[in-house]
Amino acid sequence: MLNAQIGKADSLKRVLAIKSDTNRIPVLLELANAYLQFSSVKALDAANEAKTLAYQNENDFWLAKSYNTLGNIYSLNGNISDAIIAYKQSAKLFQQIGNKKEYVNSLNVVSSTYQAKGDFNNALNISFDAFKAAEAADYKKGMSSALLNSGAVYRSMQNYNKAIIDFEKAMSICVDLGDEIGQAEALNSIANIYGDKGDNEKAIEYLNKSLDTFKKSGNNYSIAVELNNLGVTYVDMGSNLDANGNSESDSLKVKEYYDKALDYLKQSYELRRKLGDKKGMVSSLTNIGTVYYYRNNNDRAIDYFKQALDLGRGVGMDEVELSILYNISDAYRVKDQYDSAFIYARKYSDLNDSVFHRNLAEKISEMQARYGVEKAENDAKAAEKEKKLVSIASGVGGLLLIVVVFFLWNRAVTRKRVNTKLNQQKQEIEVKNSALQLANVEIESKNKDITDSIQYARKIQEAILPEVEFKATLGDSAFVLYRPKDIVSGDFYWMAQTEEHLLFAAVDCTGHGVPGAFVSIVCSNLLSQAVKVHGLVQPNEILNDVNVHLSETLHQRLDESRVRDGMDIAICSLHKKSLILSFAGAFNPAWIMRKNEIIELLPDKFAVGLFEEEELRAFTHKEVQLIKGDRIYVFSDGYSDQFGGISEKKYKRSSFQNFIKSIQSAPIQEQGKLLLEEHLKWKGAIEQIDDILVVGVEV
């Protein structure tokens, strides 16, 4: 693939040599796209040359195309802010020249780039603008692309209902257009949502529809991707049931899911092998290895992981190689072959360091090489010019000398005028810079005020956390993993005591950051009020009480939808003498670990304070008899929802549960550190997407 791109670039350079003026621009842009596969510096040079030519010839169409190509280069290099500026300039130019379709296409690219940056508000607003512009131009393809963008943003915001609505609208438009690729993309997007929600049956239904549509279009690359997605979904189904199922029929179902996963993944691998898609082959081999890992066939798992490792080394997949090395090390650890596990853990560590230093060295080398080439070219041009001047001066003699003198005099006059103009411009720039500096000072001052206020809010929020009471009461019999996404958090842990009962909870309020923190303070006070003022000790009664008062506090009514905040919670009440544990939950369960088996106390499927009917619904009471040594875990969804790993997918609750099982040999007070290490390995360089809270208590 790389050699093909290098060959294409060489061919384009030969074409470029015989082109002139504006005819060079499309060739330069095509050359930039070819360079982008192996040299971002050369790609940037070609795109900038195209932009300069378009500007000099006042060709706004090609100027817009040049900005679009620059945006692609910046985006692939991770320079998202500059990419957005370039894409916006492209959209503006297309709008000015009345090219409605290209204007819509540029807006859609801006929207998707904002989404990649995590700026969901701008991404959503621009997708709306793109849809309106496409609708006004009767540009159906642009409308479907805008809807796919807005649906993707809603998915990132976990507003799944709106996401599905937009994806279904996009699919309907694609059906009218006969756009099978667009239909398949929409179906795949809907499948991803059901996968996020844990409804794997629905996800498979839509993945199969997407697969059938791709097969009709003959898009083998996308067929391979969908086969891989089906395999991964069946892996999730198998691992989830394996973690929670106990019956013989459950075991048979787990085997069926894993068999289907292997079938789809091997089909994907074979197709990718025929296509020569090495990166896809690495992904398929790694996923096949994961199936064997879950089936406790670690020898075959290691074999597939090593095949993926050998293949991945040849296609520049350092991040994937790191993940595979970690998987191999973990598989050896499960086999109790600690020497081999240590060897691959060491390889993981060495490669991680090497990647960092190599990336740094490449950037320095690339800058040096670019400087050297530019200097050599400039020196050569200067020498050639000097040689020509000497030759002309010798041949023409005195007459040419007079012409040269006149030319130099005219040039000096012109230079003086240019310098005068430049000085004026410099003064204007200095004035503008002064104004910008003043504005920056003001912005920095306001930012500092805002940050200071949020930092103070953090201190207020920390004051409601029962850290001292928690340690004093439970000591080494508990841990808390508390990791806010922002300075302040929508998650908090809570604790209260009476003479006979110990109560504790993990709470996840709507949102994170400042809005979530405000709601968390209200909710913490209401929980404490329910116990200390109203005398309640049963978790379901506490939640019913908080439900009423939270709705009153936030003025929630069906006809008042502005404030729709509430909390997900897992709350436990332990009777100190009888060791009977009472539980109630809103979306979040409690896990009891007993002799390497997990007892799951399931929550109600509605939130506290966030309701859809006229009457608030009552929470269910559950209880279980504990024995000494039992370990209780309550948590928010932030840990299992984190994206990461090879496929950059969610960690998922099944993996969370399996990891909890794997660390039971460790004392309870050390498990928080182990959970944090696992989270950081999984997350890698990906941003933390939500607040994280896990509480563990040993009886």
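Residues numbered from 1 in each chain as written. Predicted model: local features only at pLDDT ≥ 70, side-chain atom pairs only at ≥ 80, totals over all residues. Heavy atoms only, no water.

Here's the deal with the overall build of the chain
(1) Moving on: The helix and strand tally for the chain stands at 24 helices and 12 strands.
(2) Moving on: Burial statistics for the chain: of 699 residues in total, 42% are counted as buried.
(3) Moving on: Considering only contacts within the chain whose residues lie at least 6 apart along the sequence, 63% involve residues at least 24 apart.
(4) Moving on: Put simply, the chain shows about 37,000 Å² of open surface, and 52% of that area lies on carbon and sulfur atoms. (Helix = DSSP H or I, 4+ residues; strand = E, 2+ residues; numbered from the N terminus. Buried < 20%, exposed > 50% of the residue type's maximum accessible area, 1.4 Å probe, protein only. Contact = heavy atoms within 4.5 Å. Areas by Shrake-Rupley, 256 points an atom, 1.4 Å probe, with all protein chains shown as cover.)

Thoughts on the sheet that holds strand β4 (residues 567-575)
(1) Moving on: Read across the open sheet, the 5 strands follow the order β2-β3-β4-β5-β8; overall the sheet is antiparallel. In the strand order of this sheet, the two ends are held by β2 (491-497) and β8 (622-625), each with one partner. Recorded for the sheet is a direction-independent mean angle of 15° between the axes of neighbouring strands.
(2) Moving on: Relative to β4, strand β3 (residues 501-509) runs antiparallel, the two being bridged by 9 bridges. Pairing of Asp508 across the sheet is with Asp568, part of β4. (Pairing = 2+ DSSP bridges. Axes fitted to C-alpha atoms, helices over the stretch in contact; angles between N-to-C directions.)

Brief notes about the pairing of strand β7 (residues 597-601)
(1) Moving on: Judged from the 5 bridges that link them, strand β6 (residues 590-594) and β7 form a sheet pairing that is antiparallel. Counterpart to Trp591 in the pairing with β7 is Glu600.
(2) Moving on: Adjacent in sequence and paired antiparallel, β6 and β7 are bridged by 2 residues, among which Lys595 carries a positive phi angle near 50°.

Considerations on the pattern of salt bridges
(1) Moving on: Tallying each qualifying case throughout the model produces 19 salt bridges.
(2) Moving on: A salt bridge links Asp630 to Arg594, with the nearest nitrogen and oxygen atoms 2.7 Å apart. Of the two residues, Asp630 is situated in the loop between β8 and β9 (631-635) and Arg594 in strand β6; the sequence distance between them amounts to 36 residues.
(3) Moving on: One salt bridge connects Lys650 with Asp641, and the closest N-O pair in it is separated by 3.8 Å.
(4) Moving on: Through salt bridges with shared partners, a single ionic network connects Lys202, Glu205 and Lys209. (Salt bridge = Lys/Arg side-chain N within 4 Å of Asp/Glu carboxyl O.)

Considerations on the sheet that holds β6
Sheet strands pair via backbone hydrogen bonds, and the direction of the pair is either parallel or antiparallel.
(1) Moving on: Sheet architecture is open: 5 strands sit in the order β1-β12-β9-β6-β7, paired in antiparallel fashion. Two strands lie at the open edges of the sheet, namely β1 (478-483) and β7, each paired on one side alone. Strand-to-strand twist across the sheet, computed as the mean angle between neighbouring axes with direction ignored, equals 15°.
(2) Moving on: Note: β1 against strand β12 (residues 692-698), 6 bridges, orientation antiparallel. Counted as the bridge partner of Val480 is Val695 from β12.
(3) Moving on: Of the strands in this sheet, β1, β9 and β12 touch helix α24 (residues 668-683), which is tilted by about 30° from β1.

Remarks on the confidence of the model for the chain
(1) Moving on: Averaged over the chain, the pLDDT score is 80; the fraction of residues at 70 or greater is 76%.
(2) Moving on: In this model, residues 360-377 is a region of pLDDT below 50 whose contacts with residues beyond four sequence positions or in other chains number 5 contacts.
(3) Moving on: Taken as a whole, residues 556-564 scores under 50 in pLDDT and shows 18 contacts with residues more than four places along the chain or in a different chain. (pLDDT = per-residue confidence, 0-100.)

Observations regarding helix α12 (residues 220-244)
(1) Moving on: In this model, α12 (25 residues) spans 36 Å end to end at C-alpha, consistent with the 36 Å of a helix rising 1.5 Å per residue.
(2) Moving on: Counting buried residues in α12 gives 18 out of 25 residues, a clear majority hidden from the surface. (Expected span 1.5 Å × (residues − 1).)

Some thoughts on the packing of helix α7 (residues 120-136) against helix α8 (residues 140-156)
(1) Moving on: Running from amino to carboxyl end, α7 crosses α8 at an angle of 160°, the nearest separation of the two axes being 8 Å. Here α7 is positioned roughly antiparallel relative to α8, judged by the angle of their axes. You can see that α7 and α8 cross each other, and the crossing is left-handed. Only Gly142, Met143, Ala146, Leu147, Asn149, Ser150, Val153, Tyr154 and Ser156 of α8 make contact with α7, whose side of the interface consists of Phe120, Ala123, Leu124, Ser127, Phe128, Ala130, Phe131, Ala134 and Glu135. (Parallel < 35°, antiparallel > 145°, perpendicular 65-115°, else oblique. Left-handed = near helix turned anticlockwise from the far one by under 90°.)

So, the nonpolar core
(1) Moving on: With 91 residues, the main nonpolar core has Tyr234, Val291, Ile324 and Ile328 as its most contacted residues.
(2) Moving on: At 9 residues, helix α13 (residues 248-275) tops the list of elements feeding residues into this core.
(3) Moving on: Not counting chain neighbours up to four residues away, the residues in contact with Val291 comprise Val235, Tyr258, Ala261, Leu262 and Leu265.
(4) Moving on: Leu465, Val507, Cys509 and Ile569 belong to the second-largest nonpolar core, a separate cluster that totals 51 residues. (Core = buried A, V, L, I, M, F, W, Y, C linked by side-chain atoms within 4.5 Å.)

Considerations on the packing of aromatic side chains
(1) Moving on: Counted by the stated rule, this structure contains 19 aromatic pairs.
(2) Moving on: When the ring of Phe61 is compared with that of Phe94, the centres are 5.9 Å apart and the planes differ by 70°; the resulting orientation is edge-to-face. Taken together, the residues span a long stretch of sequence, with Phe61 in helix α4 (residues 60-76) and Phe94 in helix α5 (residues 80-96) at a distance of 33 residues.
(3) Moving on: Exposure remark for Phe61: the relative accessible area of 27% places this residue in the partly exposed category.
(4) Moving on: A centroid spacing of 5.2 Å and a plane angle of 50° characterise the contact between Trp591 and Phe656, whose relative ring orientation is tilted. With Trp591 in strand β6 and Phe656 in helix α23 (residues 653-662), this pair connects stretches of sequence that are 65 residues apart.
(5) Moving on: Here the aromatic cluster, defined as three or more aromatic residues joined through ring pairs, consists of Trp591, Phe635, Tyr639, Tyr651, Phe656 and Trp682. (Phe/Tyr/Trp six-rings, centres within 6.5 Å; stacked < 30°, edge-to-face > 60°.)

Here's the deal with the side chain of Ser239
(1) Moving on: With respect to the helices, strands and loops of the structure, Ser239 is situated in helix α12.
(2) Moving on: Non-local contacts of Ser239, meaning those with residues more than four positions away in its chain, are made with Tyr258, Tyr294 and Ser654.

Details of unusual backbone geometry
(1) Moving on: With phi around 55°, Asp138 is a residue other than glycine that occupies positive phi space.
(2) Moving on: The residue Asp138 is located in the loop between α7 and α8 in this model.
(3) Moving on: Here the phi dihedral of Asn596 falls at roughly 65°; this positive angle occurs in a residue that is not glycine.
(4) Moving on: Tracing the backbone shows Asn596 in the loop between β6 and β7.

Quick notes on the packing of α12 against α23
(1) Moving on: The contact between α12 and α23 brings their axes to 9 Å, and the two run at 45°. On the basis of the axis angle, α12 is oblique to α23. Taken as a pair, α12 and α23 cross one another with a handedness that is left-handed. Along the contact surface, α12 presents Ser239, Asn240, Ala243 and Asn244, while α23 presents Ser654, Gln657, Asn658 and Lys661.
(2) Moving on: Classifying every residue of the contact of α12 with α23 gives 1 nonpolar, 6 polar and 1 charged. (Nonpolar A, V, L, I, M, F, W, Y, C, P; charged D, E, K, R; others polar.)

What to know about the pairing of strand β5 (residues 580-586)
(1) Moving on: Among the 7 residues in β5, 6 count as buried, and that is most of the element.
(2) Moving on: Connecting β4 to the next strand, β5, in antiparallel fashion are 4 residues, including Leu579 with a positive phi near 60°.
(3) Moving on: Alignment of β5 against β8, held across 4 bridges, turns out to be antiparallel. Following the sheet pairing, Ser582 is matched in β8 by Glu623.

Considering the environment of His679
(1) Moving on: Relative to the helices and strands, His679 resides in helix α24.
(2) Moving on: As a C-alpha pair, His679 and Phe656 span 23 residues in sequence and 9.6 Å in three-dimensional space.
(3) Moving on: Each residue touching His679, except ones within four places of it in the same chain, is listed here: Arg483, Tyr639, Gln642, Gln688 and Ile692.

Considerations on the environment of Leu107
(1) Moving on: Note on placement: Leu107 falls in helix α6 (residues 100-117).
(2) Moving on: Under the relative-accessibility criterion, Leu107 is labelled buried at 11%.
(3) Moving on: In the structure, Leu107 is positioned 19 residues away from Lys88 in sequence and 7.4 Å away in space, judged by C-alpha atoms.
(4) Moving on: If sequence neighbours within four positions are ignored, Leu107 has contacts with Ala91, Ile126, Asp129 and Ala130.

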